[in-house]
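Commentary on secondary and tertiary structure
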Amino acid sequence: MPEDNNKTASLTSFKLNESTFLASLMPKKEIAADRFIESNPQFDGRGVIIAVFDSGVDPAADGLKLTSDGKPKILDVLDCTGSGDIDTSKVVKADANSCITGASGISLVVNPAWTNPTGEWHVGCKLVYELFTSSLTSRLKKERKKKWEEKNQEAIAEAVKNLDQFDQVRSRNSLRTCTVIYNGNEELTIDAEKHKKVEDISLKGIRADLQSRVDYLRKQADNYDDRGPVIDAVVWNDGDVWRVALDTQSLEDDSECGKLADFIPLTNYRIERKYGIFSKLDACSFVTNVFDKGNILSIVTDSSPHGTHVAGIATAFHPKEPLLNGIAPGAQVISCKIGDSRLGSMETGTGLTRALIAVVEHKCDLINMSYGEPAMLPDYGRFVDLVNEVVDKYRVIFISSAGNSGPALTTVGAPGGTTSSIVGIGAYVSPAMAAGAHCIVEPPSEGLEYTWSSRGPTADGDLGVSISAPGGAVAPVPTWTLQRRMLMNGTSMSSPSACGGVALLISAMKAEGIPVSPYNVRTALENTTVPIGALPEDKLSTGHGLMQVDKAYEYIQQCRNSPCVWYKITINQVGKATIIISTLDVNDPFLDSLEKLTVPSWQWTVQVEPKFHDDANNMEQLVPFEECIQLHCTENAVVRAPDFLLLTHNGRTFNIIVDPTSLSDGLHYYEVYGIDCRAPWRGPLFRVPITITKPILLKDCSPLITFSGMSFLPGHIERRFVQVPLGANWVEATMRTSGFDTARRFFVDTVQICPLKRPIKWESVVTFSSPSASSFAFPVEGGRTIELALAQFWSSGIGSRETTNVDFQVRVPYLPIESKLSALPADRDKLPSGKQILALTLTYKFKLEDGAKIKPRFPLLNNRIYDTKFESQFYMITDSNKRVHAMGDAYPNAAKLPKGEYNLQLYLRHDNVQYLEKMKQLVVFIERNLEEKDFIRLSFFSQPDGPVMGNGTFKSSDLIPGALEAFYVAPPTKDKLPKNCPAGSVLLGEISYGKLSYGVKKEENPVKNTVSYLVPPTKVDEDKEKNSSSTCSKSVCERLGEEVRDTKIKFLGSLKQGTEEERSEWKELCASLKSEYPDHSPLLAKILESLVSRTGDEDKIHYNKEVIDAANEVVNSIDKDALAKYFSVRVDPEDEEAEKTRKKMEATREQYTDSLYKKGLALVEIDSTKGEKTPIEDAIAAVDDSSKDGESGPKSCNRPDLFEENYKELERWVDMKSSKYSMLLVVRERRRGRLGTALKVLIDMIQDDGEPLRKSFMI
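So, how was this worked out
Residues numbered from 1 in each chain as written. Predicted model: local features only at pLDDT ≥ 70, side-chain atom pairs only at ≥ 80, totals over all residues. Heavy atoms only, no water. UniProt positions renumbered as here; feature names shortened; annotations may be inferred. Axes fitted to C-alpha atoms, helices over the stretch in contact; angles between N-to-C directions. Helix = DSSP H or I, 4+ residues; strand = E, 2+ residues; numbered from the N terminus. Parallel < 35°, antiparallel > 145°, perpendicular 65-115°, else oblique. Contact = heavy atoms within 4.5 Å. Nonpolar A, V, L, I, M, F, W, Y, C, P; charged D, E, K, R; others polar. Pairing = 2+ DSSP bridges. Disulfide = S-S within 2.5 Å. pLDDT = per-residue confidence, 0-100.

As annotated in an unreviewed UniProt entry, the chain is tripeptidyl-peptidase II from Coptis chinensis. One UniProt comment on the chain, placed under Catalytic activity (unreviewed entry), says "Release of an N-terminal tripeptide from a polypeptide." According to its UniProt record, the chain has this under Sequence similarities (unreviewed entry): "Belongs to the peptidase S8 family."

Let's shift gears to the packing of helix 8 (residues 349–361) against helix 9 (residues 382–394). As a packed pair, helix 8 and helix 9 sit with axes 10 Å apart at the nearest point and diverge in direction by 10°. In terms of their interaxial angle, helix 8 and helix 9 are classed as roughly parallel. Facing Leu-352, Thr-353, Leu-356, Val-359 and Val-360 of helix 8, the residues of helix 9 in contact are Phe-383, Leu-386, Val-387, Val-390 and Tyr-394. Taken together, the residues of the contact of helix 8 with helix 9 sort by class into 9 nonpolar, 1 polar and no charged.

Before going further, it helps to examine the sheet that holds strand 41 (residues 818–823). Across the sheet, 5 strands lie side by side as 41-42-47-44-45; this open sheet has antiparallel pairing. The sheet is open, and its two edges are formed by strand 41 and strand 45 (884–888), each paired on a single side. Ignoring which end each strand starts from, the neighbouring axes of this sheet average 20° apart. Bridge analysis of strand 42 (residues 838–848) against strand 47 (residues 900–910) gives 11 bridges, and the strand direction is antiparallel. By the bridge assignment, Lys-845 is partnered in strand 47 with Asn-903. Contacting strand 44 (872–879) and strand 47, helix 8 runs over the sheet at an angle of about 30° to strand 47.

A separate point is the sheet that holds strand 3 (residues 85–87). The strand order across the open sheet formed by 4 strands is 3-14-13-12, and the pairing between neighbours is antiparallel. Each edge of the sheet is formed by a strand with only one pairing partner; in this case those strands are strand 3 and strand 12 (276–277).

Glancing now at the state of the cysteines. For the structure shown, the criterion picks out 0 disulfides. Free of any disulfide, Cys-364 has its nearest neighbouring cysteine sulfur in Cys-336, separated by 6.6 Å.

With that out of the way, let us pick up the confidence of the model for the chain. Fine structural detail should not be taken from predicted coordinates in areas where pLDDT scores are low. Confidence in the prediction for the chain averages 84 pLDDT; 86% of positions are at 70 or higher. A low-confidence stretch, residues 800–809 stays under pLDDT 50, and its non-local contacts, those more than four residues away or across chains, total 40 contacts. In the model, residues 1250–1259 has pLDDT below 50 throughout and makes 30 contacts with residues more than four positions away in sequence or in other chains.

In structure tokens form, the structure reads like this:
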């Protein structure tokens, strides 16, 4: 009781005033940065350049415009991901009125004052939502929808009014005439006397059109889908630099705003350091960069507020609010966006590599990276290799976050916690931060590590966390958030805090002529920290402690003449066969499963190898290097090592002995470290961390274990290590709380380390509002140690005999249909070593017969970013109209796709062409879940032959702990296989068994075993390949002639027509073949097909006349009467000759209708090009004349309507409402002025999900 009272008194005595409150929002006192700048105001980061690897930095953000000495804060802003790239390779020229056609198809006016010596304008366009974050897009959609709904309601009212007026004039007792506003501003006058008959076809059509407009407008609210405005981009060279202008009228309510000609041109940001803002509504700033001689425009926006916040913590400068300054207000920034906007701000290998290239190009001193992911292999991968080069060769100091996956051990992420050349930062919270930034009423009496901060050691035994820094701050955020700054917390915040502190050190070192080395700076940081926590095991959470800038600089000054060296530690186990350890590649010892030891102690061989920078001089630095090292152990009773070591440049080995026999159950941490005998004040030059977990063994094979009496305070962590019994697959746990009167929040985490796998982690957060119990179930692997970590949140409380279930999914393998290897532009994809990065693009094609949720999987590449040798894996799924439906990277997401044909493009990068060549036949699996109606019920048997013999059905069994029992699964029968499941597909399912205990709130069993089935090839139809030569009446010469003819036609279709010379040769061959095979329909159809697929014709009218002539030749070559007569008679399907004739006639009919369809499209394009659209007055006149001749539709006194004639002929043969031909129906209704009906048909086409449109054209 007295201790509690004293504690309460200390908590309530903590008070803030205005200055300390503001200081707590941007914590600097905790790491002594405030004292350092106060003593050294000129060493506030001046002369230091920090590369921020993040989601992008907003150059318009508050505090990020200037440094403390008046220099530009942000030197360059780069989108390293390519998510903002626009293809501007299309070049156009302006007409006499300074007009150009933008990539979106609209006419744009360029400003005559813009200098463009060549007269060439590169154009491109982009959906603006692709540049925005999801939260900004959501805000804009909400505001735009509100305005749209107002206009839609007005349109509905007008449409209903027109329909009512139309109905009134048709009423017998109504007025004689009525005028209806039709097609916006055209008046349609209807005379009731002329149209008394209800069966008047034209009036019915007009009314149906008016009704369609009303129906469509009413349905729009349900079908509203805002895909965002399109912005046009124009790029040109003014003789000195590349310039960029955007047309953003689509973003503005006022049509006079956002015009291209009014845009103030931008250039690459690093040249003029200017940015633009899309519109006042979005308030989103952007910068531009031009690459590849104007063919690629990069519009750089941030993918989240994260990067701006991080840059603000490290470097923000507020001259009027100095307490809110960042750690190093004098430092400058290079913004390297590695968070891909297309992937929800996920980092990619491409972004990481380009960012490192930018670091070397801009001669950066520091890198901050507040990003990371789990990794299976520490200190491994393409990115790690490149980081080591940047650190060792270019002396760049790399600071990165350790991760937010705590409080369990071995949760540090890559690259910050798993890469030895990167300084990994944990997250610390002080009492002032808790009271000020977090607004805690009763803050903790002492500083502590945030509960969620990731912990070490790494899977290979390294410490994981190097040092800690404040993990929360109120810092600047982008302008589109509509606020100046906000609170964020995480190791993402502790990393820039530490990075800013290091920037202060570098600023001072440069000013005083001290050589800057990542090796010496890191040693200074680690040897001058303030410990957090009193136990040796706390180092796994906090690293060496809380960084102290002032002490670190004093250390650097003392060591200014010491060699710049890093000590590489490699560890090998002596007698490795006698011990089982839980690591794959042991560089530092992480000892586990101690009950399996066959000897009471064992030896490890430690190799210490000094490493110098790449530019080190052999005679001046390497040869003279010699240090007398005294070795120390933190606990000699457990760890023993030699006393001294003479270390030269070539390194030295020594043995250590570890004896854990006297240790109690639980976690134990020790170190062996080396001290320079001649300069002991330097502190440890290297450390060998030793982590031992001694698990609790379950006695008497009892599966139950209880941990009682655990007491918790805010931030307290209890760890228990248990040896999981063999045969166990999951654990059920119940947590009971008592003895408190306010809500308590707990983290419940478990971790198991297994060879060749990432650590098996399970986590849950539970809040107890009152003393109660909560149950959990989580998977485990038998025979290995599991850590159970229970932690009260740092700010909380201040003040089997069951049925087997199988669920299947289909995984279909595909090989690429095309592979393309290309060299990337050297201006942003060339490594500092001079190697050019290459790209491999693999194209896969697949088809969905029905809409499905699919997920592409690349087993060789997925789930690896940092521990892979390939620097990029990015895919996009597009349909035949090139619309993007899904995209992803190493962590693919499921996407809902409608039925249709799709292309999947996979993008890989590396500088070694041989690696990429080996990936050209990479298999992708298209994975989709089966619908419930397609679920397969499998049969289980107790005997191996049960699936064949049908006996020995397996029903249930009692499992004995540690014992194995087999059952056999029968494959699904052919009739049970789901449709659209081709041969080679893999059916994947999961089998679970056992029943969760009462009280465990879990819908599914946490442990599942995978079962798979490879769909075999179908039986080949023996009759299909049967030789039919016996029934063939044609001679050998006749058949040879047909084969030669068909080969010539096929060759004709393969010819290109890209140049005038190629077109001329193609025309000569066509003329030759037509003279050789006159009126041969397949030949004429192939000529028409080649014409339609041709692109690049400038004279559209002449081109479409060619198409019409070719279509007429096909139509004239076919006997329509014979064709109609044949399809009017039924054919015996069992007659082989009749079946052959049927296929031939169907092909002929297809050629005939296809020619009519293409002819119709060409006729429409000619009218569109000439501007000869049928006016609405012609349609009204046709209605008035219908009573005389009984016909309807637009007419002309001087010429027949060729389109209408062609349409009616096609209508005789096909259903014009089918997706294959319905576009002509849309055009027809459009020509007749019935826009509502045309729109209705168009919507039906889209919803039908049929075949894509064959050709695009203006309607």
